[in-house]
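Inside the fold
Each chain, written out:
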Amino acid sequence: NVSAYPTHHLQPSHIPPTISQFPSLKIIKLRSINTEATAFILFSIRAPNCTVLEIIDWWGDATGETSETSVPNFPEPALSHFHDFLRLTLSANGISNIRFLDGSMRWECRCTSLSTLEFKLDIPYDALAVVVGWVTNVLGLGTQELVPNMEVAFNHEILNDDDLAAYSSFSSCQSVTELKLWNEHMFTRPILELLGTWRESDDGTGRLPGFSSLEILVLEASEGWTLDDLEVLVSRRFGERDDRISRSIPNLSIVLQAWPYPDYCLGFKPTLAQLQRLREAKGVNRITRIHHGDPLGMLAVVYEDDIEL
């Protein structure tokens, strides 16, 4: 069991790492130390029988405050030694969730009744494209891809062309079954376009849309997209169901998260007719509307025989 805690004196870049083998090491937990030290430790050890990997790196100075100029490099080379462990854990547990935020990535795969393997990563980065590329590499594409149930959330206020290109490559993954778009005020539309874009699969078996295994799409109300965008996505995603591969694409359940504040997102006020039209579109399993946060008061239900949403 190896645990490391904050230090302000370790400067590993000036010390050449010595590789140490720990065949009996089961648990590795690195919490709240600087990313450079994390990379040094991971570079230095080999733990072929590891069952738990936890890296929690809330980067910042001694006061806990962060600075945009001090964002560390994502420790991609050091983490490469644990690719086999990550893939084995994903295969054993069959489900994980990952969240890409501005400045950090959180990826968790908890142990189950069938496996004692687990990992939890909360790591800052200076380039989103590098992190998304690393996750794509861990999952693999085509015939080498893992196919666990993966829940993915995007939460960004800033995306550049490199980030969108990385997400485009990531959309080829067939592991993603649930996608949540939070705070994507200006970037939801490009992500939605990926879901309706067909291209040749990486294993060469035919054409597939982005995130071809997606079953649940969760969208936060935003000025950056409309129900018209969703209708276009659905028509493109499910309009080619004339062959075996197209028919294997699961129907989509759409969750629309509304804000309780009337002055927020004035441009997003779908009508009942719009919701009905989207619900009746080919490939849509159901549409659910929820509020942001816990609603107050008593639930009121209105039902009419000719309306079923």
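Just so you know, these numbers come straight off a predicted model, no measurement behind them.

Before going further, it helps to spend a moment on unusual backbone geometry. The phi torsion at Phe-211 lies on the positive side, around 50°, for a residue other than glycine. Structurally, Phe-211 can be placed in the loop between β12 (207-209) and β13 (216-220). For Phe-211, a relative accessible area of 1% gives the class buried.

Summarising the model, the protein shows a mean pLDDT of 79, and 75% of its residues fall at 70 or more. Confidence drops under a pLDDT of 50 for residues 60-71, and excluding neighbours within four residues, the segment shows nine contacts in the predicted structure. Contacts from residues 303-309, a stretch scored under 50 in pLDDT, to residues over four places away or in other chains number seven contacts.

Another point: the packing of aromatic side chains. By convention here, two paired aromatic rings are described through the distance between centres and the angle between planes. A full pass over the atoms with the stated rule returns seven aromatic pairs. Between Trp-107 and Phe-119, the ring centres sit 5.3 Å apart and the planes meet at 85°, which makes this aromatic pair edge-to-face. Taken as a pair, Trp-107 in strand β7 (residues 104-109) and Phe-119 in strand β8 (residues 118-124) lie far apart in primary sequence, twelve residues in all. Both residues of the pair, Trp-107 and Phe-119, belong to the buried class.

Criteria and thresholds
Residues numbered from 1 in each chain as written. Predicted model: local features only at pLDDT ≥ 70, side-chain atom pairs only at ≥ 80, totals over all residues. Heavy atoms only, no water. Helix = DSSP H or I, 4+ residues; strand = E, 2+ residues; numbered from the N terminus. Buried < 20%, exposed > 50% of the residue type's maximum accessible area, 1.4 Å probe, protein only. pLDDT = per-residue confidence, 0-100. Contact = heavy atoms within 4.5 Å. Phe/Tyr/Trp six-rings, centres within 6.5 Å; stacked < 30°, edge-to-face > 60°.

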